[in-house]
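Next come the chains, spelled out residue by residue.
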Amino acid sequence: AEQTMGKWGEYVTVEFDEGIAWVTLNRPKQRNAINPGIVWEMNAIMDALEEDERCKVMVVTGAGESFSAGMDLKEYFRATDKVPPIQRERLFRANAAWQWRRMMCYPKPTISMVNGWCFGGAFQFLVGCDLAIASEEAIFGLSEINWGIIPAGIVTKSVLETMSFRDAMYYIMTGETFNGRQAAEMKLVNKAVAPEDLKEETRKLAMTLIGKNPFVLRQAKTACRFTRDMSWEQAGEYLMAKSDQTELRDPENGRNVGMSQFLDEKSFRPGLGAYRR
Ligand code: ACO
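Conventions used here
- Residues numbered from 1 in each chain as written.
- Predicted model: local features only at pLDDT ≥ 70, side-chain atom pairs only at ≥ 80, totals over all residues.
- Heavy atoms only, no water.
- Near = heavy atom within 4 Å.
- Polar contact = N/O pair within 3.5 Å; in protein donor to acceptor, adjacent residues only side chain to side chain.
- Areas by Shrake-Rupley, 256 points an atom, 1.4 Å probe, with all protein chains shown as cover.
- Helix = DSSP H or I, 4+ residues; strand = E, 2+ residues; numbered from the N terminus.
- Buried < 20%, exposed > 50% of the residue type's maximum accessible area, 1.4 Å probe, protein only.
- Contact = heavy atoms within 4.5 Å.
- Core = buried A, V, L, I, M, F, W, Y, C linked by side-chain atoms within 4.5 Å.
- Pairing = 2+ DSSP bridges.
- Axes fitted to C-alpha atoms, helices over the stretch in contact; angles between N-to-C directions.
- Parallel < 35°, antiparallel > 145°, perpendicular 65-115°, else oblique.
- Left-handed = near helix turned anticlockwise from the far one by under 90°.
- Nonpolar A, V, L, I, M, F, W, Y, C, P; charged D, E, K, R; others polar.

**Some thoughts on the site of the ligand**
Here is step 1: Taken together, 18 residues form the shell around the ligand, and within it Ala69, Met71, Leu73, Ser143 and Trp147 come nearest.
Here is step 2: In this structure, Arg31 approaches the ligand through a side-chain N or O atom, which is 3.0 Å from an oxygen atom.
Here is step 3: Between the ligand and Trp147, the relevant distance is 2.7 Å, taken from an oxygen atom to a side-chain nitrogen or oxygen of the residue.
Here is step 4: Considered on its own, the ligand offers 930 Å² of accessible surface; in the complex 61% of this is hidden by protein.

Take a look at the structure:
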């Protein structure tokens with residue numbers, strides 16, 4: 001991607017491959033802990049990828065044996081304790097942007113590929129991504145309590161959004177770790193696979209998404225995020241309006257193309273796969 005809106009490559013790398021943008025947090029020695037460098041680079045990457053045709057799905061993962069050890073206690077917290085509050089707020093705002101505010105409604109589908117250690121602040125973008133696949137052997141932990149802090153930022157909310165109330169309370173209060181298999185059982189991730197299959201399984205999932213109408217996919221995921229907190233009546237109104245908006249604005253007129261391929265040509269079965277694009 002052209003790096004017009006900021007640079008990256010020092011702390012995060014991007015690799016394009018058949019429509020997938022593999023975005024890799026690249027501080028393996030620090031277990032991919034999130035420092036300010038990652039924050040600025042991730043924002044620049046998201047600016048660029050949202051209009052880069054080579055990216056149809058964004059996968060976020062970590063270099064080496066870690067997904068991410070959470071916020072960098074030294075560079076993100078201790079180093080910013082003494083800077084002017086407005087500068088600290090700006091950094092925190094930029095972090096919230098990439099990890100969840102922008103991530104949750106990113107125009108392209110997003111997948112977290114959890115390859116290893118996943119702690120604390122990493123839960124924000126883990127949950128911020130639409131889907132997640134973990135290595136069975138990845139280790140997760142809400143370790144904040146072990147540091148003497150609460151899971152802040154948006155960690156507590158993220159966990160409550162995905163795990164059951166009892167599981168969320170348990171792991172927030174004990175700080176115990178759990179593995180990828182358990183994360184899948186708790187539905188914090190969609191599934192867990194053997195470490196050697198992780199990349200291939202992620203690629204398969206990405207390819208399924210790439211086969212769908214991208215505009216409608218965007219509308220569908222956005223509707224999921226917003227409908228969650230609405231009343232039934234509000235959701236009914238919103239979803240019908242969103243549906244009309246989708247039909248009116250879909251550049252490939254998918255609804256009618258799909259209908260025609262099924263009803264007139266009888267060339268595909270929508271129950272079993274996407275229409276030909
Ligand atoms: N912040 C800053 N530095 C970190 C972090 C972090 N979150 N995690 C790891 N590092 C650094 C270590 O300080 C160490 O640096 P050094 O080589 O300069 O001494 C290096 O990464 C390697 O760490 P080790 O602990 O030696 O690695 P190990 O493989 O033995 O353990 C583990 C990995 C379990 C991830 C461990 O590093 C750890 O517990 N990290 C903290 C995890 C955590 O609690 N994160 C949540 C923070 S709170 C929040 O995000 C809001």
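**Observations regarding the environment of Arg276**
Here is step 1: Here Arg276 lies in the segment after α12 (254-263).
Here is step 2: Take Arg276: its relative accessible area is 49%, and that puts it in the partly exposed class.
Here is step 3: Between the C-alpha atoms of Arg276 and Asn213, which are 63 residues apart in sequence, the distance is 9.7 Å.
Here is step 4: The contacts of Arg276, once residues within four sequence positions are left out, are Val257, Gln261, Glu265 and Ser267.
Here is step 5: Separated by 3.0 Å, the side chains of Arg276 and Glu265 make a polar contact.

**Section: the nonpolar core**
Here is step 1: In terms of nonpolar packing, the biggest core is built from 51 residues, with Phe123, Leu126 and Phe140 touching the most fellow members.
Here is step 2: Broken down by element, this core gets its largest block of residues, eight residues, from helix α1 (residues 36-49).
Here is step 3: In this view, Phe123 contacts Cys118, Phe140, Gly141, Leu142, Val155, Ser158, Val159, Phe178 and Leu188; residues no more than four positions away in its chain are not counted.
Here is step 4: Among the nonpolar cores identified, the runner-up in size contains 12 residues, and Trp22, Ile111, Val193 and Leu198 belong to it.

**Points about unusual backbone geometry**
Here is step 1: Unlike most non-glycine residues, Glu18 shows phi in positive territory, near 50 degrees.
Here is step 2: For Glu18, the position within the fold is in the loop between β1 (12-17) and β2 (20-25).
Here is step 3: Its identity is not glycine, yet Arg31 carries a phi of approximately 55 degrees, on the positive side.
Here is step 4: In this structure, Arg31 sits in the loop between β2 and α1.
Here is step 5: What makes Arg31 partly exposed here is its relative accessible area of 34%.

**Brief notes about the sheet that holds β2**
Here is step 1: Taken together, the six strands give an open sheet; going across it, the order is β1-β2-β3-β5-β7-β10, and neighbouring strands pair in mixed fashion. The open sheet is flanked by β1 and β10 (191-193), the only strands paired with a single partner. Direction aside, the axes of adjacent strands within the sheet are offset by 20 degrees on average.
Here is step 2: By the bridge criterion, three bridges tie strand β7 (residues 131-135) to β10 in an arrangement that is parallel. For Ser135, the partnering residue across the bridge sits in β10 and is Val193.

**A closer look at the environment of Leu239**
Here is step 1: Inspection of the secondary structure puts Leu239 in helix α11 (residues 232-249).
Here is step 2: In the structure, Leu239 is positioned 27 residues away from Lys266 in sequence and 29 Å away in space, judged by C-alpha atoms.
Here is step 3: Apart from residues lying up to four places away in sequence, Leu239 is in contact with Ala223 and Thr227.

**Concerning the packing of helix α10 (residues 214-227) against α11**
Here is step 1: α11 packs onto α10 with a crossing angle of 165 degrees between their chain directions and a minimal axis gap of 10 Å. Classed by the angle they form, the pair α10 and α11 counts as roughly antiparallel. Every pair of crossing elements has a handedness; the one defined by α10 and α11 is right-handed. Contacts between α10 and α11 involve Phe215, Val216, Gln219, Thr222, Ala223, Phe226 and Thr227 on the former and, on the latter, Ala235, Tyr238, Leu239, Lys242, Gln245, Thr246 and Arg249.
Here is step 2: Class assignment of the residues belonging to the contact of α10 with α11 gives a composition of seven nonpolar, five polar and two charged.

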